[in-house]
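These are the residues of each chain, in order.
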Amino acid sequence: MRPFEYHRATSVDDVTAGQIIAGGTNLLDLMKIQVMTPSALVDISRLTGLSAIETEGDGLRIGALVTNSALAYDTRVRAGWPLLSRAILAGASAQIRNKATTGGNLLQRTRCPYFYDTSQACNKRSPGTGCAAQGGAGRMLALFGTSEHCLAAHPSDMATALAALGAEVEIHGTNGTRRVPVQDLYRAPADRPDRETILEAGT
Ligand SMILES: Cc1cc2nc3c(=O)[nH]c(=O)nc-3n(C[C@H](O)[C@H](O)[C@H](O)COP(=O)(O)OP(=O)(O)OC[C@H]3O[C@@H](n4cnc5c(N)ncnc54)[C@H](O)[C@@H]3O)c2cc1C
Ligand code: SF4
């Protein structure tokens, strides 16, 4: 792993420039094989106020740091939104789900095998290098919304369930707070597969 600065955020306003790390179950794997090489990590795992599941009107407000296990086993989720609970429990392992967070799950990177193999061309990992998946093995790749530049699927089972349930994501940035439907958080690959979401630095 390459050297990097480490910063532990103590408040939301303290989240400075750098790659956010929450549970680390996806990011650390990618850093170990140098698919992601951030120069600075901002650890949000100790931030207060982001670990609760609160009732809001007829729905729930789920903090970005709520673990996948806590969400899947929440009695309100199991009774009212069993699709979400089942989607989460269908994935990963108990150990991973105990550490993985809601925000991290929604923003995890693709499982395209060529993205993980730094000897292969990948426009998502290294823009402009090509896409080794075109004509390659396609078991884990997308059927819809692809482009000539990328065929990758987003791997989050939670995102699929939340989109089906009409959930929204609340985005905090320097320009304030906005809410978007979960499915609108993500961008189709088009000619910029490296840009996976509508999130921009600081906004
Ligand atoms: C062995 C294994 C099997 C798995 N199987 C499945 C599966 O079957 N189905 C499935 O859906 N997932 C699966 N996963 C993925 C797992 O769900 C994710 O690794 C996990 O949810 C990521 O959460 P995290 O908190 O650890 O994220 P991290 O690794 O900390 O972060 C992931 C990404 O999200 C960003 N990020 C995290 N939190 C925030 C935030 N609040 N705001 C902005 N950016 C943020 C980080 O910068 C990083 O880019 C598997 C993972 C492993 C290791
Ligand atoms: S499908 Fe996307 S992630 Fe996979 S190799 Fe091609 S550009 Fe990279």
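Structural notes, computed from the coordinates. (Residues numbered from 1 in each chain as written. Chains lettered and ligands numbered in written order. Predicted model: local features only at pLDDT ≥ 70, side-chain atom pairs only at ≥ 80, totals over all residues. Heavy atoms only, no water.)

1. A word on the overall build of the chain
Step number 1: On a plain count of helices and strands, the chain comes out with 8 helices and 7 strands.
Step number 2: Relative to the globule expectation of 17 Å for 203 residues, the C-alpha radius of gyration of the chain, 17 Å, shows essentially globular dimensions.
Step number 3: Across its three principal directions, the C-alpha atoms of the chain cover 45 × 35 × 35 Å.
Step number 4: Counting across all 203 residues of the chain, residues that qualify as buried make up 35%.
Step number 5: The long-range fraction of contacts in the chain, counting pairs at least 24 apart against all pairs at least 6 apart in sequence, stands at 50%.
Step number 6: When the accessible area of the chain is evaluated, it comes to approximately 11,500 Å², of which 51% is carbon and sulfur surface.
Step number 7: Separation between the mean location of the 20 positive side-chain charges and that of the 19 negative ones in the chain comes to 6 Å. (Helix = DSSP H or I, 4+ residues; strand = E, 2+ residues; numbered from the N terminus. Rg over C-alpha atoms; globule rule 2.2 N^0.38 Å. Buried < 20%, exposed > 50% of the residue type's maximum accessible area, 1.4 Å probe, protein only. Contact = heavy atoms within 4.5 Å. Areas by Shrake-Rupley, 256 points an atom, 1.4 Å probe, with all protein chains shown as cover. Lys, Arg positive; Asp, Glu negative; His and termini not counted. Charge placed at Lys NZ, Arg CZ, Asp CG, Glu CD.)

2. A look at the site of ligand 2
Step number 1: Neighbouring residues of ligand 2: 13 residues in total, closest Cys112, Cys122, Cys131, Cys150 and Leu151.
Step number 2: In terms of residue class, the shell around ligand 2 is built from 10 nonpolar, 2 polar and 1 charged. (Near = heavy atom within 4 Å. Nonpolar A, V, L, I, M, F, W, Y, C, P; charged D, E, K, R; others polar.)

3. Topic: the pattern of salt bridges
Step number 1: Summed over the entire model, instances satisfying the criterion amount to 12 salt bridges.
Step number 2: Linking aspartate 74 and arginine 76 is a salt bridge whose minimum nitrogen-to-oxygen distance equals 2.9 Å.
Step number 3: Of the charged contacts, one joins lysine 124 and glutamate 196 as a salt bridge, the two residues approaching to 3.0 Å between their closest N and O atoms. Here lysine 124 is found in the loop between helix H7 (113–116) and helix H8 (157–164), whereas its partner glutamate 196 is found in the segment after strand S7 (176–181), with 72 residues between them in sequence. The two residues lysine 124 and glutamate 196 agree in class, both being buried.
Step number 4: Each of Glu56, Arg61, Glu168, Glu170 and Arg179 takes part in salt bridges that share partners, so that together they form one network. (Salt bridge = Lys/Arg side-chain N within 4 Å of Asp/Glu carboxyl O.)

4. Some thoughts on the sheet that holds strand S3 (residues 40–43)
Step number 1: With respect to topology, 3 strands assemble into an open sheet ordered S1-S3-S2, the strand pairing being parallel. Strands at the two margins of the open sheet, each flanked by one partner only, are strand S1 (5–8) and strand S2 (19–21). Here the average twist between neighbouring strands, direction ignored, is 30°. (Pairing = 2+ DSSP bridges. Axes fitted to C-alpha atoms, helices over the stretch in contact; angles between N-to-C directions.)

5. With respect to the site of ligand 1
Step number 1: Taken together, 27 residues are adjacent to ligand 1, and Ile20, Gly24, Thr25, Thr101 and Asp157 come closest.
Step number 2: Contact distances for ligand 1 include 3.4 Å between an oxygen atom and a side-chain N or O atom of asparagine 105.
Step number 3: Between ligand 1 and aspartate 157, the relevant distance is 2.7 Å, taken from a nitrogen atom to a side-chain nitrogen or oxygen of the residue.
Step number 4: The protein chains hide 82% of the 980 Å² of surface that ligand 1 would expose on its own.
Step number 5: Put simply, the parts of the chain that give the shell around ligand 1 at least two residues each are S2, helix H1 (27–32) and helix H6 (102–106).
Step number 6: Across the shell around ligand 1, the residue classes break down as 11 nonpolar, 13 polar and 3 charged. (Polar contact = N/O pair within 3.5 Å; in protein donor to acceptor, adjacent residues only side chain to side chain.)

6. Focus on the pairing of S7
Step number 1: Bridge count for strand S6 (residues 168–173) against S7 is 6 bridges, and the pairing is antiparallel. Its bridge partner lying in S7, glutamate 170 is registered against arginine 179.
Step number 2: Counted between consecutive antiparallel strands, the loop separating S6 from S7 contains 2 residues.

7. A short note on unusual backbone geometry
Step number 1: The residue alanine 92 is not glycine, and still its phi comes out positive at about 55°.
Step number 2: One non-glycine residue, alanine 190, lies in the positive phi region at around 40°.

8. Brief notes about the pairing of strand S4 (residues 53–56)
Step number 1: Pairing of S4 with strand S5 (residues 59–62), which is carried by 4 bridges, proceeds in the antiparallel orientation. Paired with glutamate 54 across the strands is arginine 61, a residue of S5.
Step number 2: In sequence, S4 turns back onto S5 through a hairpin of 2 residues, with glycine 57 there showing a positive phi of about 60°.

These figures capture arrangement, not role.
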